[in-house]
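Descriptive structure summary
The lines below spell out each chain.
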Amino acid sequence: MEVKIGISDSPRELIVNSAQTPDEVEKIVSGAIGASDGVVSLIDEKGRKFLIQASKVAYVEIGPTTGGKVGFARS
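Structure report, in brief.

Rules and cut-offs
- Residues numbered from 1 in each chain as written.
- Predicted model: local features only at pLDDT ≥ 70, side-chain atom pairs only at ≥ 80, totals over all residues.
- Heavy atoms only, no water.
- Pairing = 2+ DSSP bridges.
- Helix = DSSP H or I, 4+ residues; strand = E, 2+ residues; numbered from the N terminus.
- Axes fitted to C-alpha atoms, helices over the stretch in contact; angles between N-to-C directions.
- Salt bridge = Lys/Arg side-chain N within 4 Å of Asp/Glu carboxyl O.
- Buried < 20%, exposed > 50% of the residue type's maximum accessible area, 1.4 Å probe, protein only.
- Expected span 1.5 Å × (residues − 1).
- Contact = heavy atoms within 4.5 Å.
- Core = buried A, V, L, I, M, F, W, Y, C linked by side-chain atoms within 4.5 Å.

1. Remarks on the pairing of strand 2 (residues 13–17)
Residues in a regular strand point their side chains to alternate faces of the sheet. As defined by bridge partners, strand 1 (residues 2–7) adjoins strand 2 across five bridges and the pair is classed as antiparallel. Paired with Gly6 across the strands is Glu13, a residue of strand 2. From the end of strand 1 to the start of strand 2, which pair antiparallel, there are five residues, and Asp9 there has a positive phi angle of about 70°.

In structure tokens:
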């Protein structure tokens, strides 16, 4: 599953491919944003941990992984 996180004061978004369910990600983000000193903590498919200060989160998009192919096709 792909999670896109917009960070305030940053022109780029953070994209994390996570094995967590959409419900788990939503619960993590909601809990962190509701806390006074919240930190969004997500783990990607390779086991890397991403920590984002919740007060800097502008938006979160949760959806299926976009497995589009990049390259050239023979016609």
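From this point, the narrative continues.
2. Here we look at the sheet that holds strand 2
Spatially, three strands are ordered 2-1-5 in an open sheet, and the strand pairing comes out antiparallel. Since the sheet does not close on itself, it has two edges, and those belong to strand 2 and strand 5 (57–63), each with one partner. On average, each strand axis in the sheet is tilted by 15° relative to the strand beside it, whichever way the strands run. Pairing analysis gives six bridges linking strand 1 to strand 5, with the strands arranged antiparallel. Following the sheet pairing, Ile7 is matched in strand 5 by Val57.

3. Quick look at the pattern of salt bridges
Where charged atoms from two side chains of opposite charge come close, those side chains can pair. The final tally for this structure, using the stated rule, is two salt bridges. Residue Lys56 pairs with Asp9 through a salt bridge whose shortest N-O separation is 3.9 Å. Here Lys56 is found in the loop between strand 4 (49–53) and strand 5, whereas its partner Asp9 is found in the loop between strand 1 and strand 2, with 47 residues between them in sequence. Classification of Lys56 as partly exposed rests on a relative accessible area of 33%. Close ionic contact of Asp44 with Arg48 constitutes a salt bridge, the shortest N to O distance being 2.7 Å. Looking at Asp44, the relative accessible area reads 7%, which means it is buried. What makes Arg48 partly exposed here is its relative accessible area of 46%.

4. What about helix 1 (residues 22–34)?
One turn of an α-helix holds 3.6 residues; hence residues three or four places apart share an orientation. Taking 1.5 Å per residue as the helical rise, helix 1 with its 13 residues ought to reach 18 Å, and the 18 Å between its terminal C-alpha atoms agrees with that figure. Residues of helix 1 that are buried make contact with strand 1, strand 3 (39–43) and strand 5.

5. Brief notes about the nonpolar core
Nonpolar side chains tend toward joint burial in soluble globular proteins. Listed in full, the eleven residues of the largest apolar core are Met1, Val3, Ile5, Val25, Val29, Ala32, Val40, Leu42, Ile52, Ala54 and Val57. Every element with two or more residues in this core is listed here: strand 1, helix 1 and strand 3. By residue number, the principal contributor to this core is helix 1, which donates three residues. Residues within four places of Val25 in sequence aside, it is in contact with Met1, Val3, Gln20, Leu42 and Ile62.

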